[in-house]
Amino acid sequence: MDLRDGHPAKSPGANFREELITMTHQPNEFRFTVHPEASASFHDNGVVILHLGSGRLFSSNQAGASIWRRVEQRLPLEAISREISSEYQIASSTSRDHVAHFLSTLEQHTLIQREAVS
């Protein structure tokens with residue numbers, strides 16, 4: 001579930017880690033939605049996402065594409081990680097960790113946004 005944008009990888013900063021902790025400790029208080037400036041195209045090997053505002057392209061494998069489809073459905077973290085765990089036959093805790101990290105990366109690049117669950 002790696003997200004690539006063709007630029008050299010940067011190490012995550014303190015804010016990234018704080019957001020990841022917040023996301024995993026408040027998993028059902030919000031759901032994710034696609035940012036209005038993000039557009040995705042699916043292909044056999046995964047997904048390509050264009051940030052319309054910056055013109056940057058991002059790509060991910062099939063697991064990332066599966067997560068992106070669930071973001072399009074506006075699902076919360078727990079629902080996404082539960083479905084990914086089932087789809088890929090991996091432990092729930094492993095799925096949750098990887099999904100949370102991937103969602104944080106998408107959010108960091110302004111490709112998705114949080115929406116409060118009402």
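Whatever comes next refers back to the structure up there.
The rules behind each value
Residues numbered from 1 in each chain as written. Predicted model: local features only at pLDDT ≥ 70, side-chain atom pairs only at ≥ 80, totals over all residues. Heavy atoms only, no water. Helix = DSSP H or I, 4+ residues; strand = E, 2+ residues; numbered from the N terminus. Contact = heavy atoms within 4.5 Å. Pairing = 2+ DSSP bridges. Core = buried A, V, L, I, M, F, W, Y, C linked by side-chain atoms within 4.5 Å. Buried < 20%, exposed > 50% of the residue type's maximum accessible area, 1.4 Å probe, protein only. Salt bridge = Lys/Arg side-chain N within 4 Å of Asp/Glu carboxyl O. Polar contact = N/O pair within 3.5 Å; in protein donor to acceptor, adjacent residues only side chain to side chain.

A. Inspection of the environment of glutamate 37 at higher detail. Of note, glutamate 37 is situated in the loop between strand 1 (30-34) and strand 2 (38-43). The contact partners of glutamate 37, leaving out residues within four places of it in the chain, are Leu50, His51, Leu52 and Gly53.

B. Structural detail: the side chain of threonine 33. Residue placement: threonine 33 occurs in strand 1. With residues up to four places along the chain from it excluded, the contact list for threonine 33 reads Val71, Arg74, Ile112, Gln113 and Glu115.

C. Seen up close, the pairing of strand 2. Note that strand 2 and strand 3 (residues 46-51) share six bridges and pair antiparallel. Note on strand 3: the bridge partner recorded for alanine 38 is histidine 51.

D. Geometry of unusual backbone geometry. Non-glycine residue arginine 74 carries a positive phi angle of around 65°. Along the chain, arginine 74 turns up in the loop between helix 2 (62-72) and helix 3 (77-88).

E. Examining the nonpolar core more closely. Counting 22 residues, the largest nonpolar core has Phe32, Ile49, Ile67, Ile80, Leu103 and Leu106 as the members making the most contacts within it. Broken down by secondary-structure element, the contributors of at least two residues to this core are strand 1, strand 3, helix 2, helix 3 and helix 4 (92-108).

F. Molecular detail of the pattern of salt bridges. With the rule as written, the count across this model stands at six salt bridges. Arginine 74 is the salt-bridge partner of glutamate 115, the closest N and O atoms lying 2.3 Å from each other. Here the residue glutamate 115 occupies a position in strand 5 (residues 112-116), and arginine 74 occupies one in the loop between helix 2 and helix 3, the gap between them amounting to 41 residues. We classify glutamate 115 as partly exposed; its relative accessible area is 22%. As a salt-bridge pair, glutamate 78 and arginine 96 come within 2.4 Å of each other at their nearest N and O atoms. Highlighted residues: glutamate 78 in helix 3 and arginine 96 in helix 4, separated in sequence by 18 residues. Accessibility expressed as a relative area gives 21% for arginine 96, which makes it partly exposed. By sharing partners, the salt bridges in this structure join Arg31, Arg74 and Glu115 into a single network.

G. The pairing of strand 4 (residues 56-60), seen in detail. The pairing of strand 3 with strand 4 spans five bridges and is antiparallel. Opposite leucine 50, over in strand 4, you have leucine 57 as the bridge partner. Counted along the chain from strand 3 to the antiparallel partner strand 4, the turn is four residues long, and its residue glycine 55 has a positive phi close to 80°.

H. Region of the structure containing the side chain of histidine 35. Along the chain, the position of histidine 35 falls in the loop between strand 1 and strand 2. A polar atom in the side chain of histidine 35 sits 3.0 Å from the backbone nitrogen of glutamate 37.

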